[in-house]
Amino acid sequence: VIYGSLPPEVRREQSRLFNDPNSGYDVLVASDAVGMGLNLGIRRVVFHSLRKFDGEKMITAPAPHVRQIAGRAGRRGTTYEKGEVLTFDPSDMEGLAAALVAPVEKLTHVGLQ
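Participant: I'm lost on the nonpolar core in this one. Help?
Facilitator: A general tendency of soluble globular proteins is for nonpolar side chains to be buried together. Among the nonpolar cores identified, the biggest contains 16 residues, and L40, I42, V45, F47 and V66 are the most heavily contacted of them. Among the elements of the structure, β1 (44-47), α2 (63-70) and α3 (93-101) are those that each provide at least two residues to this core. It is α2 that contributes the most residues to this core, 3 residues altogether.

Participant: Where do I start with the pattern of salt bridges in this structure?
Facilitator: Overall, the coordinates contain 3 salt bridges when judged by the stated rule. Of the charged contacts, one joins E13 and R16 as a salt bridge, the two residues approaching to 2.8 Å between their closest N and O atoms. With E13 and R16 both in helix α1 (residues 8-19), this residue pair falls 3 residues apart, about one helical turn. As a salt-bridge pair, D54 and K57 come within 3.4 Å of each other at their nearest N and O atoms. Classification of K57 as partly exposed rests on a relative accessible area of 46%.

Participant: I keep staring at the packing of α2 against α3 and nothing clicks. Help me out?
Facilitator: In a packed pair of helices, the relevant descriptors are the angle between the two axes and the axis-to-axis distance. Running from N to C, α2 and α3 cross one another at 95°; their axes reach a closest spacing of 8 Å. Classified by the angle between their axes, α2 and α3 sit roughly perpendicular to one another. In contact with A63, V66, R67 and A70 of α2, α3 contributes L96, A99 and L100. Here the contact of α2 with α3 is composed, by residue class, of 6 nonpolar, no polar and 1 charged.

Definitions and cut-offs
- Residues numbered from 1 in each chain as written.
- Predicted model: local features only at pLDDT ≥ 70, side-chain atom pairs only at ≥ 80, totals over all residues.
- Heavy atoms only, no water.
- Core = buried A, V, L, I, M, F, W, Y, C linked by side-chain atoms within 4.5 Å.
- Buried < 20%, exposed > 50% of the residue type's maximum accessible area, 1.4 Å probe, protein only.
- Helix = DSSP H or I, 4+ residues; strand = E, 2+ residues; numbered from the N terminus.
- Salt bridge = Lys/Arg side-chain N within 4 Å of Asp/Glu carboxyl O.
- Axes fitted to C-alpha atoms, helices over the stretch in contact; angles between N-to-C directions.
- Parallel < 35°, antiparallel > 145°, perpendicular 65-115°, else oblique.
- Contact = heavy atoms within 4.5 Å.
- Nonpolar A, V, L, I, M, F, W, Y, C, P; charged D, E, K, R; others polar.

Nothing here speaks to function; it is geometry throughout.
Written as structure tokens, this is what we have:
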């Protein structure tokens, strides 16, 4: 299990167990934190939902977030060079497909808060 409020050392250990083919950990259940800097050998990403809590309300996950998480499936240099991405609910597949081909927005400015 990997989610955002886990301490970094716990996330690293969960990643290590998942990547170890002899650990018995074959399935990883994660929040969108899985898209943040973890090197995981993932063959298939299944979105339970394309909706997420933004800190105030439930929203449809923005296309860049969907692409970041979907990009965990199949990564060059890992066990799975190619991956699969799908949704638990078949009615979300159209939204997933749209997010994966949505144009990348150009940055107009950056900053720190």
